Amino acid sequence: MSISGSVLDEKLVAALLRHKHTVLGAQRAHLSTALGEVARWQEQERHRLDWIRPSR
């Protein structure tokens, strides 16, 4: 038995990885903003909620 992705999936991932900074740049900025919002919320709730902030 062999487990692998389809040829089309592999081609799409290869194209994505060649352009990862362009394609994923906006997503990284969005996630950074969202992480800041969660951190601010957690700080307000620190008396009820423990949180280990993810590293990058």
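The structure we're discussing is the one just above.
Since this is a predicted model, take the numbers as computed values, not measurements.

Trainee: Is there a simple way to explain helix α1 (residues 7-18) in this structure?
Mentor: Owing to its 3.6 residues per turn, the α-helix brings residues three or four apart onto one side. In this model, α1 (12 residues) spans 17 Å end to end at C-alpha, consistent with the 16 Å of a helix rising 1.5 Å per residue. Little of α1 is tucked away: zero of the 12 residues are buried.

Trainee: Looking at this structure, I do not really get a nonpolar patch on the surface. What am I missing?
Mentor: On the surface, a cluster of nonpolar side chains totalling about 220 Å² of accessible area is made up of Leu 16, Val 23 and Leu 24. Mapped onto the fold, Leu 24 is located in helix α2 (residues 20-44). Judged by relative accessible area, which is 40%, Leu 24 ranks as partly exposed.

Trainee: What should I look at first to understand the pattern of salt bridges in this one?
Mentor: Any two side chains of opposite charge can pair, on the condition that their charged atoms come close. What the rule picks out here adds up to two salt bridges. Glu 43 serves as the salt-bridge partner of Arg 46, at 2.7 Å between the closest nitrogen and oxygen. Measuring nitrogen to oxygen at the nearest pair gives 2.8 Å for the salt bridge that ties Glu 45 to Arg 48. Classification of Arg 48 as exposed rests on a relative accessible area of 64%.

Trainee: Even after reading the chapter, I still don't get the packing of α1 against α2, so can you show me in this structure?
Mentor: For any two helices packed against each other, one specifies the inter-axial angle together with the distance between the axes. For the pair α1 and α2, the least separation of the axes is 5 Å and the interaxial angle reads 80 degrees. It follows from the interaxial angle that α1 and α2 lie roughly perpendicular. Between α1, through Leu 16, Leu 17 and Arg 18, and α2, the contact on the second element is made entirely by Lys 20, Val 23 and Leu 24. Split into classes, the residues belonging to the contact of α1 with α2 amount to four nonpolar, no polar and two charged.

Criteria and thresholds
- Residues numbered from 1 in each chain as written.
- Predicted model: local features only at pLDDT ≥ 70, side-chain atom pairs only at ≥ 80, totals over all residues.
- Heavy atoms only, no water.
- Helix = DSSP H or I, 4+ residues; strand = E, 2+ residues; numbered from the N terminus.
- Expected span 1.5 Å × (residues − 1).
- Buried < 20%, exposed > 50% of the residue type's maximum accessible area, 1.4 Å probe, protein only.
- Patch = residues over 30% accessible without salt bridge, like charges linked within 9 Å, V, L, I, M, F, W, Y side chains within 5 Å.
- Areas by Shrake-Rupley, 256 points an atom, 1.4 Å probe, with all protein chains shown as cover.
- Salt bridge = Lys/Arg side-chain N within 4 Å of Asp/Glu carboxyl O.
- Axes fitted to C-alpha atoms, helices over the stretch in contact; angles between N-to-C directions.
- Parallel < 35°, antiparallel > 145°, perpendicular 65-115°, else oblique.
- Contact = heavy atoms within 4.5 Å.
- Nonpolar A, V, L, I, M, F, W, Y, C, P; charged D, E, K, R; others polar.

By themselves these figures say nothing about function.
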